[in-house]
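For reference, the chains in residue letters:
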Amino acid sequence: MNSIYVGQNATNVLFRSLFQRLRLKSFRKVQTRSLFLSELVPSQHKLSFVTRDHEEIYKKSIQEPGKFWGELALSKLQWITPFTKTMDCEMSKGQHKWFMDGVLNVSENCLDRHVQRTPDNIALIWEKDEPGTHETVSYRELLKMTCQLSNTLKNHGIKKGDRVCLYLPNSPLAVVSMLACSRIGAAHSVVFAGFSADALASRIMDAGAETVITADQGLRGGKTINLKQMVDEAVSKCSGVKRVFVMSRTGADVPMGKIDIPLEKAMSEESNECIPEPMNSEDMLFLLYTSGSTGKPKGIQHSQAGYLLYANLTFKHVFGYEPGDIFSCVADIGWITGHSYVVYGPLSNGATSVLFESIPTYPDPGRYWEMVERLKINIFYGAPTAIRLLLKYGNDWVEKYDRSSLKVLGTVGEPINAEAWYWYNDIVGEKRCTVVDTWWQTETGGVFLAPRPGPDNSMPKPEFATRPFFGVEPVLLDSNGKELVGNNVSGNLCIRGSVPGLARTVYGDHQRFLETYYTTFPGYYFTGDGALRDEDGHYRITGRVDDVINISGHRLGTAEIEDALDYHPDVAESAVVGFPHEIKGEGIYAYVTLKEGAVIKLEDLVLQLKNLVKKEIGSFAVPEIIQVASGLPKTRSGKIMRRILRKVAANDFHDLGDVSTLAEPSVVKDIVDEHKKLMHSKS
Ligand code: WTA
């Protein structure tokens, strides 16, 4: 026995049980329904956990992924027709096929099977923007609404394979919209309601969506957002949109045009029953647009069975979810975190999921903790940027509320610095909760690195996402693609081998999918992040190694912001980099050069550039600092040296590297001088 860990034991027991079965049994025919997980282990059963078990289960999951995932897929998901072959994956082709020929329906897995057993259990607690107000939705009610909307969509001609764009506030009808799409076999493409009309339009067009679901208005932190107006503007640029369903959030009297349909009224006329569409495991479940280092955002396409299984298992085991727990992930459903840990992970487990519509500082910085006390939240999952913001307001806002219900605190989206980690652990969690720093991506579908399940939390390790989930094999490669073996190394974080949750393709552009993720390091999935592996074999994410920046956990490609800036008639060229920001993690710093003969007042230019970014992408992408530069540092082949620009933006003028290879080395001195002048004028 290496070490013993007591606590959150059901999770551990489940996996020990799983391992024993995997070890003791030769693999049965996959059609046989297996009962080896929760069905066999009462959750109140308390046993100790041995490190060795985790390692052995993990080893098994890597050595025999087909057996491992095949058994789990049969026991955790409800199939209409069981699959005949567990996996057919080829990393070099970016090909991930799991649970082939299997037929199932995701909404049935999230709703009907729970309604049969526990219809009155609460599925959603909608924490509304209005402080202190929440509404609950039972599984029975959620199924009823989902069927009504499914029938509405079908009656308007939406069918299997169609793409439906959702531009909605965090609300039960947003979840219902996602589930209704999955029920009828349409793919949803949720666009975060902070994106501009132009950004929305480009996503609608790329997906070829004929249907949009939106709301009259959204509410965030007491402010109204004119969602319908944004959609009208977007739709005016997309001739392919045939219908817009409009949910009532504030009841505002918004203009309704020929293609607009009041959502609640249409639903009320429909039956409460809708037979779920049989879907193949590998059919598309949803698209989610995300930024990369080049080009326009891409529609990351996820599968039905592989995605659902991975969201289901990681939800349960990374957070140590036990039946009856109240789980609160405060992410917006417009991001992957909202998809996997507000909707699909919790609901497929029959859990109670809090749907948070507001912001952490409204009406005051005690919002989260007042909600924890009122709703008796057991597991809270948030972003480092919010934690950093709240710690600035002091401990009183936390300590005035009872947080004794909390047992697990999660973070996601960006590196969490030690100060924020300790504050979360010591003040919010009173040193008795488990802090789980979870690393993953839109492309991975669910958590890939986290200090769970298992005993790592006996030794908290701030800033470390620690170790891989079962079935995930991280590797670190140097820039030549050579694997860095052993510990105390850092390099490009890649994944060897397929995992059911991984994205299947970029919608409509498999070549781009291959080029982005599978060609830099042939044979591996390349994450775009750097990581180090310490002496214990634990992983710490060191940040993106490509031109993606992470603003308050929102992922943005520098190229997207540059594209927006370049629209300005006076701008010749632009280069955008991230710089360290106390609260947001990274801030946006833009360098622009002007065309010959441009005559414009500096403050007008800055204002116009900010407005351009707001219009093209959204307010959250507006650069904090814009520097008008006389030139940009470029290599002789014309490539902008962002490394230098990043250092200058961070006020780090030492070791700018060898500038002699630049086409015009003197540009660097000019940029540094201009930067210093700008900073001086701001202080
Ligand atoms: C970053 C969010 C450090 C990372 C689920 C990744 C993190 C990108 C962490 C994906 C973490 C996410 N520690 N960095 N725990 N979690 N990231 O697609 O750079 O919005 O590549 O998915 O966020 O962002 P995305």
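Residues numbered from 1 in each chain as written. Predicted model: local features only at pLDDT ≥ 70, side-chain atom pairs only at ≥ 80, totals over all residues. Heavy atoms only, no water.

Here the focus is the packing of aromatic side chains. Counted according to the given criterion, the structure contains 39 aromatic pairs. On the numbers, 5.8 Å between centres and 50° between planes, the contact of Tyr518 with Tyr525 is tilted. The class of Tyr518 is buried, set by a relative accessible area of 3%. Put simply, the rings of Phe315, Phe319, Tyr321, Phe327, Tyr341, Tyr381 and Trp440 pair up and form one aromatic cluster. Taking NZ or CZ as reference, Arg203 lies 4.2 Å from the ring centre of Phe195, over its face. For Lys461, the ring lying beneath its charged end belongs to Phe464, and the centroid distance is 5.1 Å. (Phe/Tyr/Trp six-rings, centres within 6.5 Å; stacked < 30°, edge-to-face > 60°. Buried < 20%, exposed > 50% of the residue type's maximum accessible area, 1.4 Å probe, protein only. Lys NZ or Arg CZ within 6 Å of the ring centre and 35° of its normal.)

Helices that pack against each other are described as a pair by the angle of their axes relative to one another and the distance between those axes. Axis separation between helix H19 (residues 642-649) and helix H20 (residues 666-682) bottoms out at 10 Å; the angle between their running directions is 25°. The orientation of H19 relative to H20 falls into the category roughly parallel. Between H19 and H20 lies a crossing whose hand is right-handed. In contact with Ile644, Leu645, Val648 and Ala649 of H19, H20 contributes Val668, Ile671, Val672 and His675. Residues of the contact of H19 with H20, tallied by class, amount to seven nonpolar, one polar and no charged. (Axes fitted to C-alpha atoms, helices over the stretch in contact; angles between N-to-C directions. Helix = DSSP H or I, 4+ residues; strand = E, 2+ residues; numbered from the N terminus. Parallel < 35°, antiparallel > 145°, perpendicular 65-115°, else oblique. Left-handed = near helix turned anticlockwise from the far one by under 90°. Contact = heavy atoms within 4.5 Å. Nonpolar A, V, L, I, M, F, W, Y, C, P; charged D, E, K, R; others polar.)

What follows concerns the pattern of salt bridges. Counted under the stated rule, the structure contains 40 salt bridges. Across the pair Glu357 and Arg249 runs a salt bridge, and its minimum N-O distance is 2.8 Å. Remark: Arg249 occurs in the loop between strand E13 (243-247) and strand E14 (260-262) and Glu357 occurs in the loop between strand E19 (352-356) and helix H12 (367-375); sequence separation between them is 108 residues. The buried category is assigned to Glu357, whose relative accessible area is 3%. Salt bridges linked by common partners bring Glu127, Arg367, Glu370 and Arg374 together as one network. (Salt bridge = Lys/Arg side-chain N within 4 Å of Asp/Glu carboxyl O.)

Attention now moves to the sheet that holds strand E26 (residues 524-533). Read from one edge to the other, the open sheet built from four strands follows the order E23-E24-E26-E27, with strand pairing classed as antiparallel. At either margin of the open sheet sits one strand with a lone partner, and together these are strand E23 (474-477) and strand E27 (539-544). Averaged over all adjacent pairs, the angle separating strand axes in this sheet is 50°, with direction ignored. Bridging between E23 and strand E24 (residues 489-496) involves four bridges; their strand directions are antiparallel. Bridging from a neighbouring strand, Val475 pairs with Cys494 of E24. (Pairing = 2+ DSSP bridges.)

Strand order in the open sheet formed by eight strands is E14-E13-E10-E8-E9-E16-E17-E25, and the pairing between neighbours is mixed. Each edge of the open sheet is held by one strand with a lone partner, namely E14 and strand E25 (505-506). Here four bridges tie strand E8 (residues 163-167) to strand E10 (residues 211-215), and the two strands are oriented parallel to one another. The partner of Tyr167 across the bridge, within E10, is Thr214.

The periodicity of an α-helix, 3.6 residues per turn, causes residues three or four places apart in sequence to face the same way. Taking 1.5 Å per residue, twelve residues should reach 16 Å; helix H4 (residues 106-117) reaches 17 Å between its end C-alpha atoms and fits that length. Most of H4 is tucked away: ten of the twelve residues are buried. Every buried residue belonging to H4 is among Val106, Ser107, Glu108, Asn109, Cys110, Leu111, Asp112, Arg113, His114 and Val115, and all of these are buried. (Expected span 1.5 Å × (residues − 1).)

One can read the domain layout of the chain as domain 1 (107-287) and domain 2 (548-682). Taking the mean C-alpha position of each, domain 1 and domain 2 sit 38 Å from one another. Both sides together, the interface formed by domain 1 and domain 2 hides about 520 Å², and carbon and sulfur atoms give 50% of it. When the buried area of domain 1 at its contact with domain 2 is split by residue, Phe195, Ser196 and Asp198 rank highest and sum to 61% of it. On inspection of domain 1 and its partner domain 2, the count reaches one salt bridge. (Domains from an automatic or database assignment. Buried area = accessible area lost by both parts, 1.4 Å probe.)

Of the two faces of strand E29 (residues 554-557), the one lined by His554 and Leu556 and the one lined by Arg555 and Gly557 are each fully buried. Bridge count between strand E28 (residues 548-551) and E29: four bridges; the pairing is antiparallel. Pairing of Ile549 across the sheet is with Leu556, part of E29. Between E28 and the antiparallel strand that follows it, E29, lie two residues; Ser552 among them carries a positive phi value of about 50°.

A separate point is the site of the ligand. Around the ligand sit 17 residues in total, of which Asp437, Thr438, Thr442, Asp529 and Arg555 are the nearest. Contacts to the ligand include Gly413, whose backbone N or O atom sits 3.1 Å from a nitrogen atom. Note that an oxygen atom of the ligand is positioned 2.5 Å from one of the side-chain N or O atoms of Asp529. Across the complex, the protein chains shield 96% of the 530 Å² of accessible surface that the ligand would expose by itself. Its residues assigned to classes, the shell around the ligand shows six nonpolar, six polar and five charged. (Near = heavy atom within 4 Å. Polar contact = N/O pair within 3.5 Å; in protein donor to acceptor, adjacent residues only side chain to side chain. Areas by Shrake-Rupley, 256 points an atom, 1.4 Å probe, with all protein chains shown as cover.)

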